[in-house]
Amino acid sequence: MFDLFNLVRLHNDTPVNKYVSNLLRDRINYLIKDSKEIKPKSKFDELVLENIDYILYSNSALQDFLSNMKSQYSTEQMVDILGGDKSFDKIIDFVKSVDWKLEYEYEKSLESRRPKQIRNDTKESKEEIEKIVPEIKKNVLKYAKDKKYLPEDFDFKLVLLPYSNYSRWNSHTKTIELGPYCFECLDFDHKVRVNPSQAYVTTFHELVGHGSQQFNSEDLPMTLWLGEEIPSIIPAKMISEGIARLREEEGLEYITKNRDSLGLEEDFVKTQEIEQKTTLQRRAFNLFVSQLKEKELRDSTFDIIKYGTEITDNPRLAIQWKRNPNIESFDDSINILGHLLGIGHINSALEGIRQKLGEDKFNHNKDLINNAITRGVWTWKVYPKFLDYYLGDLK
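Definitions and cut-offs
- Residues numbered from 1 in each chain as written.
- Predicted model: local features only at pLDDT ≥ 70, side-chain atom pairs only at ≥ 80, totals over all residues.
- Heavy atoms only, no water.
- Helix = DSSP H or I, 4+ residues; strand = E, 2+ residues; numbered from the N terminus.
- Buried < 20%, exposed > 50% of the residue type's maximum accessible area, 1.4 Å probe, protein only.
- Contact = heavy atoms within 4.5 Å.
- Salt bridge = Lys/Arg side-chain N within 4 Å of Asp/Glu carboxyl O.
- Patch = residues over 30% accessible without salt bridge, like charges linked within 9 Å, V, L, I, M, F, W, Y side chains within 5 Å.
- Areas by Shrake-Rupley, 256 points an atom, 1.4 Å probe, with all protein chains shown as cover.
- Pairing = 2+ DSSP bridges.
- Axes fitted to C-alpha atoms, helices over the stretch in contact; angles between N-to-C directions.
- Phe/Tyr/Trp six-rings, centres within 6.5 Å; stacked < 30°, edge-to-face > 60°.
- Lys NZ or Arg CZ within 6 Å of the ring centre and 35° of its normal.
- Polar contact = N/O pair within 3.5 Å; in protein donor to acceptor, adjacent residues only side chain to side chain.
- Parallel < 35°, antiparallel > 145°, perpendicular 65-115°, else oblique.
- Left-handed = near helix turned anticlockwise from the far one by under 90°.
- Nonpolar A, V, L, I, M, F, W, Y, C, P; charged D, E, K, R; others polar.

**Student:** Before we go on, may I ask you to explain the overall build of the protein in this structure?
**Tutor:** Helix and strand counts for the protein come out as 18 helices and six strands. With the C-alpha coordinates of the protein rotated into their principal frame, the extents come out at 70 × 55 × 40 Å. For the protein, the residues scored as buried account for 52% of the 395 residues in total. Partitioning the intrachain contacts of the protein with sequence separation of at least 6 by distance along the chain shows that 69% fall at a separation of at least 24.

**Student:** Would you take a moment to explain the pattern of salt bridges for this structure?
**Tutor:** Pairs may arise between side chains of opposite charge once their charged atoms sit close together. Counted according to the given criterion, the structure contains 28 salt bridges. A salt bridge links Asp-146 to Lys-142; the shortest N-O distance between them is 2.7 Å. Taken together, the positions of Asp-146 and Lys-142, both in helix H7 (residues 123-146) and four residues apart, correspond to about one turn of that helix. In this pair, the class of Asp-146 matches that of Lys-142, namely exposed. Each of the salt bridges in this network shares a partner with another, and the network as a whole consists of Glu-103, Glu-107 and Arg-282.

**Student:** Before we go on, may I ask you to explain a nonpolar patch on the surface in this structure?
**Tutor:** A surface patch of nonpolar side chains, amounting to about 250 Å² of accessible area, comprises Leu-368, Tyr-389 and Tyr-390. Mapped onto the fold, Tyr-390 is located in helix H18 (residues 383-390).

**Student:** Is there a simple way to think about the sheet that holds strand E4 (residues 175-178) in this case?
**Tutor:** Strand-to-strand pairing in sheets goes through backbone hydrogen bonds, with the strands running parallel or antiparallel. Overall, mixed pairing links the three strands, which are arranged E2-E4-E3 in an open sheet. Whereas interior strands pair on both sides, the edge strands pair on one side only; in this sheet they are strand E2 (157-160) and strand E3 (168-170). Within this sheet the neighbouring strands show an average axis-to-axis angle of 25°, counted without direction. In this structure, E2 lies alongside E4, joined through four bridges in parallel fashion. Within E4, the residue paired with Leu-158 across the bridge is Ile-176.

**Student:** Got a minute to help me understand the packing of aromatic side chains in this structure?
**Tutor:** Between two aromatic rings, the relevant description is the distance of the centres plus the angle of the planes. One pass over the structure, following the stated rule, counts 19 aromatic pairs. Here Phe-88 and Phe-288 contribute two aromatic rings whose centre-to-centre distance is 6.5 Å and whose plane-to-plane angle is 55°, an arrangement assigned as tilted. With Phe-88 in helix H5 (residues 87-96) and Phe-288 in helix H11 (residues 266-298), the pair connects residues that are 200 residues apart, well separated along the chain. Of the residues examined, Phe-88 reaches a relative accessible area of 3% and is grouped as buried. The side chain of Arg-193 reaches across the aromatic face of Phe-188, ending 5.6 Å from its centre.

**Student:** I'm lost on unusual backbone geometry in this one. Help?
**Tutor:** The phi torsion of most residues other than glycine is negative, and most of the peptide bonds are trans. One non-glycine residue, Lys-86, lies in the positive phi region at around 65°. Within the fold, Lys-86 resides in the loop between helix H4 (75-83) and H5. On the basis of relative accessible area, Lys-86 is assigned to the exposed category, the value being 54%.

**Student:** Just to check I follow, could you spell out the sheet that holds strand E1 (residues 117-118) for this structure?
**Tutor:** Ordered by their spatial adjacency, three strands build an open sheet running E1-E5-E6, and the pairing between neighbours is antiparallel. Each edge of the open sheet carries a strand with a single partner, namely E1 and strand E6 (191-195). Sheet analysis places E1 next to strand E5 (residues 184-188), joined by two bridges and oriented antiparallel. When the bridges of E5 are listed, Ile-118 appears paired with Cys-185.

**Student:** What am I meant to see in the environment of Ser-109 here?
**Tutor:** Position of Ser-109 among the secondary structure elements: in helix H6 (residues 100-113). Expressed as a C-alpha distance, the spacing of Ser-109 and Asp-267, which sit 158 residues apart in the sequence, is 9.2 Å. A polar side-chain atom of Ser-109 sits 3.5 Å from a polar atom in the side chain of Thr-271.

**Student:** Could you clarify how one ought to interpret the packing of helix H8 (residues 197-217) against helix H9 (residues 234-257) in this entry?
**Tutor:** In a packed pair of helices, the relevant descriptors are the angle between the two axes and the axis-to-axis distance. At a minimum axis distance of 7 Å, the contact between H8 and H9 shows a crossing angle of 140°. Judged on the interaxial angle alone, H9 and H8 are oblique. Between H8 and H9 lies a crossing of right-handed hand. In terms of residue class, the contact of H8 with H9 is made up of ten nonpolar, seven polar and five charged.

**Student:** Can you help me understand the pairing of E5 in this one?
**Tutor:** Here E5 pairs with E6 via five bridges, running antiparallel. Bridging across to E6, Cys-185 finds its partner in Val-194. In textbook terms, the turn of a hairpin is the stretch between consecutive antiparallel strands, and for E5 and E6 this stretch comprises two residues, one of which, Asp-189, has a positive phi near 55°.

**Student:** Sorry, what's going on with the side chain of Glu-184 here?
**Tutor:** Position of Glu-184 among the secondary structure elements: in strand E5. Residue class for Glu-184 comes out buried when judged on its relative accessible area of 16%. Setting aside residues no more than four positions away along its own chain, Glu-184 makes contact with Arg-113, Gln-117, Arg-193, Val-194 and Asn-195.

So, in structure tokens, the structure goes:
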């Protein structure tokens, strides 16, 4: 199965390589045939096999879609296969409900802060950032242990990347690699003041989200591990990123409640709150427009301006979408589907458990439930079935 993960990653990186495309198709077909010979011995085995089958099916569909401009799957169908039922419609709902006032407030906030901003790669800035990093690690790790997301003996590394526009959890080394964008540096009375709000929230995402899911999945079959291959399996990434986004929201609550003890300005936290919301809105726009451009490539009669105007009632915005040459391709943008919609799968699962148990039993078993939602990197298709199985005997 990990051979498949590596092939899928290669194909996603080079969808124009017909050799890799054919290799992936043949390998998937072989594994589909092979999986039909497996005889599950328990309910859990049935769920694992169903999960494998959906990974194979979804990647077979994606392989066909990316390598065949006359694919049997429409753009809308492909998004729903990867992200879950009605995912395409949910992205449209995101776009329709964009908060333009919030976008304006965010831009005004940036404008007011810009005169005070200084580079975060100067000697002085780096020194101040390096003082804060150990505190971030200590505080977030304590939170995760207090919540019983991670065991008392768990540890990890937190390192700063010199130049990067991203951060990530390295599952091999149990290391968070933080990009410098996580630290805003400002001039306060000719002294460097660091705003680490983004760093805190990102550490929640990576450690309390991805790190705890990796730890809680290590005793399960390898196809359910959180490893470096997961970004290539989008239906499973819906759950892994959904959990990380849920913990990211907890991170925002944490810095809001503990602002004074963390030494954060009220403006730091408010800006972080706005930025998290506007980032989601912009991801929705980018994902939506990349899908419209993919539809246009496959259907010469499709009119982005007309369709975009119908959705947004904003013809100038639709024209901008049509003209924008910097929108990511579908095969690149689809990788953020889990960051946008994954949390919906997690919240839906939690609400289902709450309704089944009732509020009192749900709260009484909260530690077990928090453990359950991070047990295994399941696809969105099988995840609710696993939770029903795992929590079936709760009293």
